[in-house]
Amino acid sequence: FFLNPLIGLLVINIVELEPEEEVILLVLLSSPGGTYSNLLCSFFNADLALSVSMSAISTLAAVVMLPFNVYLYVEVLSGSEAKLNWAGLSATIVCVELGVGLGIILGKRFGGKKHQRRFN
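Since the structure is predicted, the reported quantities are computational estimates derived from the model, not experimental observations.

All right, on to the environment of Val52 then. Examined against the element boundaries, Val52 turns out to sit in helix H4 (residues 48-77). In sequence terms Val52 and Leu39 are 13 residues apart; their C-alpha atoms lie 9.7 Å from each other.

Here's what the structure looks like:
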């Protein structure tokens, strides 16, 4: 939430981009990641539960950090104006958090050795 938007701001200052492209770049770089991490953890039998939990925590942090970063980097530092679809953003975050929460609950409930699978 800190380094990626700064790098995006540097790219924007170096490369001539349209204002819409600047906003898209900063929103993408301010968004939480984790999808590829979870996929690779699954492929290589790493601690998938830890990876998914960290993704859930970063998604929760995104509720505050994404709007803050968009405001800071887009409106304050670059002088553009950004309008976000707050209802759509909130619905997406709620769906992700419900899915992860349900997965954690089911993992606790059915997390025994007989329910585990290895993908090697």
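We now examine the confidence of the model for the chain. For the chain, per-residue confidence averages 76 on the pLDDT scale, and 80% of positions sit at 70 or higher. For the chain, the element scoring lowest by mean pLDDT is helix H3 (residues 35-43), at 72; helix H1 (residues 3-14) scores highest, at 83.

As a further point, take the layout of surface pockets. Volume-wise, the second largest pocket comes out at about 160 Å³. Along the walls of the second largest pocket sit Ser31, Pro32, Thr59, Ala62, Leu66, Gly88, Leu89, Thr92, Ile93 and Val96, which together make up its complete lining. Broken down by element, the lining of the second largest pocket gets its largest block of residues, five residues, from helix H5 (residues 86-109). In terms of residue class, the lining of the second largest pocket is made up of six nonpolar, four polar and no charged.

The rules behind each value
Residues numbered from 1 in each chain as written. Predicted model: local features only at pLDDT ≥ 70, side-chain atom pairs only at ≥ 80, totals over all residues. Heavy atoms only, no water. Helix = DSSP H or I, 4+ residues; strand = E, 2+ residues; numbered from the N terminus. pLDDT = per-residue confidence, 0-100. 1 Å grid on protein atoms, 1.4 Å probe; cavity = no way out; pocket = protein on both sides within 12 Å on 5 of 7 lines; lining within 4 Å. Points joined across faces, edges and corners; volume = space filled by probe spheres on them. Nonpolar A, V, L, I, M, F, W, Y, C, P; charged D, E, K, R; others polar.

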